[in-house]
Amino acid sequence: MSNATLPAGARDPGYPTERENYLTNSSGILSWMFTLDHKRIGMMYLIGVVSAFAIGGLLALAIRLHLLKPDGLLFTGAEGNNIYNQVFTLHGAIMVFLFIIPSIPAALGNFLVPVMLGAKDVGFPRLNLSSFYLWVFGALFFVSALFSSGLDTGWTFYTPYSTTTDTSVILATLGAFILGFSSIFTGLNFIVTINTMRPPGMTWFKMPLFLWATYATSIIQVLATPVLGITLLLLIAERTMHIGIFDPEFNGDPVTYQHFFWFYSHPAVYIMILPAFGIISELISVHSHKHIFGYRFIAYSSIAIALLGFLVWGHHMFTAGMSSLTTIVFSALTFTVSVPSAIKVFNWLATMYRGSISLTTPMCYAISFIFLFTIGGLTGLFLGTLATDLHLHDTYFVVAHFHYVMVGGTLIAFLGGVFHWWPKMVGKLYNETHGRIASLLVFLGFNGTFLPQFVLGSRGMPRRYATYDPEFAFLHQLSTFGALLLGIGLLYAFIVLMVSLAKGRRAPANPWGGVTLEWQCTSPPPYYNFERPPVVGDPYDFHNLEWDAENERYVMTEPERKLVPESTPDEVPAHAGGQE
Amino acid sequence: MFPAIESLAMTFPTLLADKNADFWFPIQGSSFAEEVDWVYDLILYISLAFFVPMMVFMVWCLFKYIKARGTKAESQLSHHTTLELTWSIGPSVLLVWMFVQGSISFLDMRSPPEGSYDIGLQAFKWGWTMDYGNGTFHPELHIVKDEPTKLSMRSTDVIHSVFIPAFRVKKDVVPGRYNYMWFKPTIASEQISAEQLAKLKKQNEGTTWDYDKVHTIETEDGEKEVQVTPEGYTFFDLYCAEYCGTNHSEMQTVVVVHETQADLDAWIKANSSRGEVSMEEWGELLYGRRGCSGCHSVDGSKLVGPTFKDVYGSQHGLTTGENQIVDENYVRESILAPKAKVVAGYQPVMPSYKGQLSDDDIASIIAYLKSISANAPSQPAAAQAEPEAESAE
Ligand code: HEM
Ligand SMILES: [Cu+2]
């Protein structure tokens, strides 16, 4: 359409003033450190998890460089193997506990959940701040473990190795214990927020899918994390007091530890991936400008995954010597989780069909996600099937599988989310062309790194090896070159965002054409998000969105869709949402 | 980066030339291999049958529906219940098929046939000891072709895991319990001729035997590349697959498959006792074979345990602060009850060899230690060791 004139009634919140803008409304380092604003806490988390990712990423590059040569390239000499073992342990532990678990829920979730919900803040702002500081505290424990005598147990802390090694297991497990509390607090806060702080009109089925995903994730965080906490305490008790639960020398059983550990850690992998599903649902719909396909199926499948995720932990122990019956039951249960994951992928594809797709940077990440996550999910089938798992367990095939899911899935979704909400968070637009090139490099580098590892694994290359047989050298080298490319791509993406801070154009309220509530406040949002309770409609109804080419922004054209009487907010308590 | 590119150029042909192995799998060395590979392929093809159309569809959408900004979508269809139910329930049928196939094969792998050939396996940081009965121990796994073989496995320290890729089997070895595993090898190892082996030995004089090294040998029909054991057998790899600390990646041994039971018996007999060799030589063999070399060097370098170079006859400081002279009694005690007296600066991690080494074996090891120590008293080793070993029991 020709856009000089817009239909009457176009609504756009315009730009925030200095005083409204949450970034500038108060200044000074203390105003950040003691802030109770969920948006600022989200930003602090973002800086934190990205720093953790940078450390974990450098360690990953060290691992890959070392494996260029069968006898090892970087860590040679008498201590070489020990150093390598510490490097992969810290890489795994940092990536899992400090990056992937908190990345989307704590960084993006904190920023977005109240805004998308239409609330002023989370339910317990002080708890929110304390969960951030617990994260920092836990991270410090990890780093101090690194600087005392390292940690070489693998991120899984399997007993009895972890009860007998002389590295800093206690420091690291205490760190993980504290991080667990941080995670529980975040989850609790979101559950309370979503249950009680929905504005009038925001029913469960009017909630954006990102909120459904966050809600499902929070349930897991609150229910599963305590088990990890207890397990880690028992591990410490075993190490210091030889209480005899896990260590056979004192009549314990090491497999018990594995049951405990995976009872948390398997649901935890869904803490890692569910929020990513939420992000992808938003990205695909917004950048295809089309109603998400099968909203209810997607919403329910998140909850199904959260619940089923509690039943499949045994599939990490198919080779440990459980009874045949137990093993088969766990295999069967494992397959049940693949159904809800598959449903989502089909729904995303159907959403793109007959849409109006903009190949923006976030959309590039979203389609990378679909590609990579599908590979990750399908290769899970090889591992869930008993006969093939016996061969593939603890090989590079497993390494490739979970990297496809967690890096190809979660990290890519996180990047997509950051690029999608970046204009909202900082009020600046980045350079699209460079953003897209970076996403392409990440995609190619990622596949270069991990595709060869499937072959390595099925040919019999065990994981966690500091040196390897020469016949595997070629595939390992391919993988290393892929990792270098991936590193370059990620650095590129980071630079694109940093440059936008300095040089980017000012972002309009709605640069992509989203209908969810966060696009109805200014970019960046005002301190209290909304001046008055926003008008809630179907979060994926794009009918009334018009493109204003002159100002390069989307605007809502319908004057006020469902008129909420002026007085409603005062009369109806904030937690009374839910009635249609 | 140059060494990497060099070895890249070197290994590319190896990957492709790895005979009997296809792109995905190592050679099929056991009766399970074919079945496991079949299930693998089944899942692979089903997965591709989903993956390829889905990705084609996605890319097609990108070509067809990328529109200028501001264009409205052609449709705002928000759901289609029949379609959604179909694609939820349809694939489940295939999942059930995979699960069933995988479980059937798994049950086979879990039930060793009656009367399987039983071999004991002990895993320790970082090596393996196979127990062939009658006091015969060896780090290599020797079995017979077409004979169902069962491993009764235990660990002396942490969790390890036995992984033989060519057989498609894996099982954890958990301390505090026995785990079992069985398989039926279907391909016998070859043995290179005695002359060829002698030639290889000569080429590698003075170094420890490198199982991974690829040797080129002459045969009637040209040259051939082989990896062989010190006795000249080709082999399958056996890895430790559960992370177990420092030398996890070096915790490997080999599986040699003999053509007949008589062959294996002959091999066991040849490895069962010292026979004609001298005590020092036998001691050196045991040092390599029984896993001592995994933790104790003979060149003075510090590994997990103290080096053996010049140790015999020297003074050791213990963790208790006392001093201990390394003599026959101390060595013997350290082998049978390693945790009784631990050298300062080391962890009490050595497993006991009680019941696994005969008096003659222990005496031989002592003789070997003397032979590599500048501190050893100068009497002939045998004269000293023999009466000691007898009186100690
Ligand atoms: C939501 C998507 C998924 C996530 C986040 C995920 C994550 C992971 C992670 C992190 C591991 C490795 C843990 C470790 O040992 O360090 C793993 C292993 C495994 N996954 Fe997945 N996975 C997903 C999908 C699936 C699916 C759909 C299946 C099966 C149908 C599956 C089956 C398995 C099995 C059986 C293992 C254990 C393999 C072994 O150690 O032998 N996964 N997964
Ligand atoms: Cu091991």
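Refer to the structure printed above.
What you see is a predicted model, and the numbers here were worked out from it, not measured in a lab. (Residues numbered from 1 in each chain as written. Chains lettered and ligands numbered in written order. Predicted model: local features only at pLDDT ≥ 70, side-chain atom pairs only at ≥ 80, totals over all residues. Heavy atoms only, no water.)

**Observations regarding the overall build of chain A**
Step number 1: A count of helical and extended segments in chain A gives 16 helices and two strands.
Step number 2: Principal-axis analysis of the C-alpha atoms places the extent of chain A at approximately 75 × 50 × 45 Å.
Step number 3: For chain A, the residues scored as buried account for 66% of the 580 residues in total.
Step number 4: Sequence separation of at least 24 residues holds for 81% of the intrachain contacts in chain A that already meet a minimum separation of 6.
Step number 5: In chain A, the 28 positive side-chain charges and the 33 negative ones have mean positions that sit 6 Å from each other. (Helix = DSSP H or I, 4+ residues; strand = E, 2+ residues; numbered from the N terminus. Buried < 20%, exposed > 50% of the residue type's maximum accessible area, 1.4 Å probe, protein only. Contact = heavy atoms within 4.5 Å. Lys, Arg positive; Asp, Glu negative; His and termini not counted. Charge placed at Lys NZ, Arg CZ, Asp CG, Glu CD.)

**Let's talk about the coordination of the iron atom of ligand 1**
Step number 1: Among all protein atoms, only A:His401 (NE2) binds the iron atom of ligand 1, sitting 2.3 Å from it.
Step number 2: By the element assignment, A:His401 lies in helix α13 (residues 396-426). (Donors = N, O, S within 2.8 Å, 3.2 Å for Na, K, Ca; no water.)

**Concerning the pattern of salt bridges**
Side chains carrying opposite charge are able to pair once their charged atoms draw close together.
Step number 1: By the definition in use, this model includes 15 salt bridges over all chains.
Step number 2: The residue A:Glu552 makes a salt bridge to B:Arg69 at a minimum N-O spacing of 3.4 Å. Of the two residues, A:Glu552 is situated in the loop between β1 (545-548) and β2 (553-556) and B:Arg69 in the loop between α2 (31-65) and α3 (81-110); the pairing between them involves two chains.
Step number 3: A:Glu552 sits in the partly exposed class, given a relative accessible area of 33%.
Step number 4: When the shortest N-O distance is used, the salt bridge between B:Lys341 and B:Glu333 registers 3.2 Å.
Step number 5: Owing to a relative accessible area of 31%, B:Lys341 belongs among the partly exposed residues under this scheme.
Step number 6: One continuous salt-bridge network, built from bridges that share partners, spans A:Arg354, B:Lys67 and B:Glu74. (Salt bridge = Lys/Arg side-chain N within 4 Å of Asp/Glu carboxyl O.)

**Re the site of ligand 1**
All names here are of chain A.
Step number 1: Around ligand 1, 23 residues are found, and the nearest of them are Leu383, Asp389, His393, His401 and Val405.
Step number 2: Contact distances for ligand 1 include 3.0 Å between a nitrogen atom and a side-chain N or O atom of His401.
Step number 3: The element that contributes the greatest number of residues to the shell around ligand 1 is helix α11 (residues 361-384), accounting for six residues.
Step number 4: Of the residues that constitute the shell around ligand 1, the class distribution is 12 nonpolar, nine polar and two charged. (Near = heavy atom within 4 Å. Polar contact = N/O pair within 3.5 Å; in protein donor to acceptor, adjacent residues only side chain to side chain. Nonpolar A, V, L, I, M, F, W, Y, C, P; charged D, E, K, R; others polar.)

**Some thoughts on the coordination of the copper ion (ligand 2)**
Geometry sets the ideal angles at a metal, namely 109.5 degrees for four tetrahedral donors and 90 or 180 degrees for six octahedral donors.
Residues and elements named next belong to chain B.
Step number 1: The protein atoms that coordinate the copper ion (ligand 2) are His160 (ND1), Cys240 (SG), Cys244 (SG) and Met251 (SD), at distances spanning 2.1 to 2.5 Å.
Step number 2: If you look at the copper ion (ligand 2), its four donor atoms make angles of 89 to 127° with each other, and the shape they trace is tetrahedral.
Step number 3: Counting the intervening residues between successive donors of the copper ion (ligand 2) yields the motif H-x79-C-x3-C-x6-M. Linking His160 in strand β6 (residues 160-164) with Cys244 in the loop between β11 (236-240) and β12 (252-258), this pair joins segments that are 84 residues apart in sequence. Pair check on accessibility: His160 and Cys244 agree, each one buried. (Tetrahedral: all angles 85-135°; square planar, octahedral: opposite > 155°, others 65-115°.)

**So, the sheet that holds strand β3 (residues 137-138) of chain B**
Residues and elements named next belong to chain B.
Step number 1: Reading across from one edge, β3-β2-β1-β5-β8 is the order of the five strands in this open sheet, with mixed pairing throughout. On the outer flanks of this sheet lie β3 and β8 (179-183), each paired with one strand and no other.
Step number 2: Pairing of strand β1 (residues 117-124) with strand β5 (residues 149-155) involves seven bridges; the strand directions are parallel. Within the sheet, the bridge partner assigned to Asp118 lies in β5 and is Lys150. (Pairing = 2+ DSSP bridges.)

**Here's the deal with the interface of chain A and chain B**
Step number 1: Contacts between chain A and chain B engage 104 residues on the former and 97 residues on the latter.
Step number 2: Interface area for chain A against chain B, summed over the two sides, is near 8,800 Å², with a carbon-plus-sulfur share of 65%.
Step number 3: Among the residues chain A hides against chain B, the three largest losses belong to A:Phe346, A:Arg459 and A:Phe474. Together they make up 8% of the total.
Step number 4: At the junction of chain A with chain B, the criterion picks out four salt bridges. (Buried area = accessible area lost by both parts, 1.4 Å probe.)

**Some remarks on the environment of A:Thr395**
Step number 1: Here A:Thr395 is to be found in the loop between α12 (386-392) and α13.
Step number 2: Measuring from C-alpha to C-alpha, the distance between A:Thr395 and A:Leu308 comes to 26 Å, with 87 residues separating the pair along the chain.
Step number 3: The residues touching A:Thr395, leaving out its near neighbours within four places in the chain, are A:Gly457, A:Met461, A:Pro462, A:Arg463, B:Phe163 and B:Lys170.

**Quick notes on the nonpolar core**
Step number 1: A:Trp348, A:Phe369, A:Met425, B:Leu141, B:Ile164, B:Phe167 and B:Phe183 are the most contacted members of the largest nonpolar core, which has 254 residues in total.
Step number 2: It is helix α3 (residues 80-117) of chain A that contributes the most residues to this core, 23 residues altogether.
Step number 3: Those residues in contact with A:Trp348 that sit more than four places away from it in its chain are A:Phe277, A:Ile280, A:Ser281, A:Ile284, A:Ile292, A:Ile298, A:Phe369 and A:Ile370.
Step number 4: B:Cys292, B:Ile335, B:Ile362 and B:Ile365 belong to the second-largest nonpolar core, a separate cluster that totals 23 residues. (Core = buried A, V, L, I, M, F, W, Y, C linked by side-chain atoms within 4.5 Å.)

**Brief notes about the packing of aromatic side chains**
Step number 1: What the rule picks out here adds up to 71 aromatic pairs over all chains.
Step number 2: Geometrically, the ring pair formed by A:Phe97 and A:Phe142 is tilted, given 6.0 Å between the ring centres and 50° between the ring planes. Of the two residues, A:Phe97 is situated in helix α3 and A:Phe142 in helix α4 (residues 125-147); the sequence distance between them amounts to 45 residues.
Step number 3: Members of the aromatic cluster, each reached through a chain of ring pairs, are A:Phe382, A:Phe397, A:Tyr404, A:Phe446, A:Phe450, A:Phe454, B:Phe23, B:Trp24, B:Phe25 and B:Tyr40.
Step number 4: The ring of A:Phe205 has A:Arg296 lying over it, and the distance from NZ or CZ to the ring centre is 3.7 Å.
Step number 5: The aromatic ring of B:Phe163 is capped on one face by B:Lys170, whose charged end is 3.8 Å from the ring centroid. (Phe/Tyr/Trp six-rings, centres within 6.5 Å; stacked < 30°, edge-to-face > 60°. Lys NZ or Arg CZ within 6 Å of the ring centre and 35° of its normal.)

**Side note on unusual backbone geometry**
Step number 1: Each neighbour pair has its own omega, and for A:Ser523 with A:Pro524 the value is -15°, a cis peptide bond.
Step number 2: Within the element layout of this structure, A:Pro524 appears in the loop between α15 (473-503) and β1.
Step number 3: With an omega dihedral of -10°, the bond running from B:Lys125 to B:Trp126 counts as a cis peptide bond.
Step number 4: Relative to the elements of secondary structure, B:Trp126 occurs in the loop between β1 and β2 (127-131).
Step number 5: Its identity is not glycine, yet A:Asp394 carries a phi of approximately 60°, on the positive side.
Step number 6: One can find A:Asp394 in the loop between α12 and α13.
Step number 7: One non-glycine residue, A:Arg464, adopts positive backbone phi at about 60°.
Step number 8: Looking at where A:Arg464 falls in the secondary structure, it is placed in the loop between α14 (432-458) and α15.

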